[in-house]
Amino acid sequence: MKQTPFLLFFLVFTFLFSNAQEINWLTIEEAEKANKKEHKKILIDVYTDWCGWCKKMDASTFKDPKIIEYVNENYYCVKLDGEDKDTLTFKGVEFNFVKQGRRGYNELAAGFLKGKMTYPSLVFLDEEFVVLQVMKGFRNAGELYPILTFLGDNIYKKSNWTDYIKETKGKKD
């Protein structure tokens, strides 16, 4: 009976700690600065505040413990509002907001998405800031995880996507 309070405390602490884990989101400027100290790939989530699928991805995919653990260890993760009105600096170049129609877009987001402003979109950069992949649309954790590992573990350098998925059946632990 004396162990009951300790056990209860341990279970509550474990539950709270595991649920409190989140992706360490950065700005593009912070990610670029961090990459100078320790090279990692960069995952950019291009979103808008009005996008329902973006909110769903935030509430589900980006809350998955497996996704959180993997991206925090292997990527610098950037939240990039496709309609950010602030001037953003990346690789020494300033990117501004361009008013168009009812809203507009930020030039940096438009550059990554080649002007096709679809939300959410995920942009994967290598350690030298070269675009590896742009993926448009919602991805659940099960769909995203093999993509993260394919790119994050440099498997793309020695294998193609089809072979990787066949070999792993889309899962990697």
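Residues numbered from 1 in each chain as written. Predicted model: local features only at pLDDT ≥ 70, side-chain atom pairs only at ≥ 80, totals over all residues. Heavy atoms only, no water.

A. Fine view of the overall build of the protein. Looking only at helices and strands, the protein has 7 helices and 9 strands in total. Across the 173 residues in the protein, those meeting the buried criterion constitute 39%. Residue pairs in contact within the protein that sit at least 24 positions apart in sequence constitute 61% of those at least 6 positions apart. Total accessible area on the protein is roughly 10,700 Å²; 56% of this is exposed by carbon and sulfur atoms. (Helix = DSSP H or I, 4+ residues; strand = E, 2+ residues; numbered from the N terminus. Buried < 20%, exposed > 50% of the residue type's maximum accessible area, 1.4 Å probe, protein only. Contact = heavy atoms within 4.5 Å. Areas by Shrake-Rupley, 256 points an atom, 1.4 Å probe, with all protein chains shown as cover.)

B. Representation of the packing of helix H6 (residues 141–152) against helix H7 (residues 161–168). Where H6 contacts H7, the two axes come as close as 11 Å, and the packing angle between them is 120°. By the angle between their axes, H6 is oblique relative to H7. Like other packed secondary-structure pairs, H6 and H7 cross with a definite hand, here right-handed. Contacts between H6 and H7 pair Pro 146, Ile 147, Thr 149 and Phe 150 from the former with Trp 161, Tyr 164 and Ile 165 from the latter. The residue makeup of the contact of H6 with H7, split by class, is 6 nonpolar, 1 polar and no charged. (Axes fitted to C-alpha atoms, helices over the stretch in contact; angles between N-to-C directions. Parallel < 35°, antiparallel > 145°, perpendicular 65-115°, else oblique. Left-handed = near helix turned anticlockwise from the far one by under 90°. Nonpolar A, V, L, I, M, F, W, Y, C, P; charged D, E, K, R; others polar.)

C. A look at the pattern of salt bridges. Enumeration over the complete set of coordinates arrives at 4 salt bridges. Across the pair Lys 41 and Glu 127 runs a salt bridge whose closest N-O atoms are separated by 2.9 Å. Of the two residues, Lys 41 is situated in strand E2 (residues 41–47) and Glu 127 in the loop between strand E8 (121–125) and strand E9 (131–136); the sequence distance between them amounts to 86 residues. Residue Lys 41 is classed as buried on the basis of its relative accessible area, which comes to 1%. Of the charged contacts in the structure, one is a salt bridge between Asp 45 and Lys 79, with a shortest N-O distance of 2.5 Å. Residue Asp 45 is located in strand E2, and its partner Lys 79 is located in strand E3 (residues 75–81); the two are separated by 34 residues in the primary sequence. Taking the relative accessible area as the measure of exposure, Asp 45 reaches 3% and is therefore buried. A residue is classified by how much of its surface remains accessible, and Lys 79, at 22% relative accessible area, is partly exposed. (Salt bridge = Lys/Arg side-chain N within 4 Å of Asp/Glu carboxyl O.)

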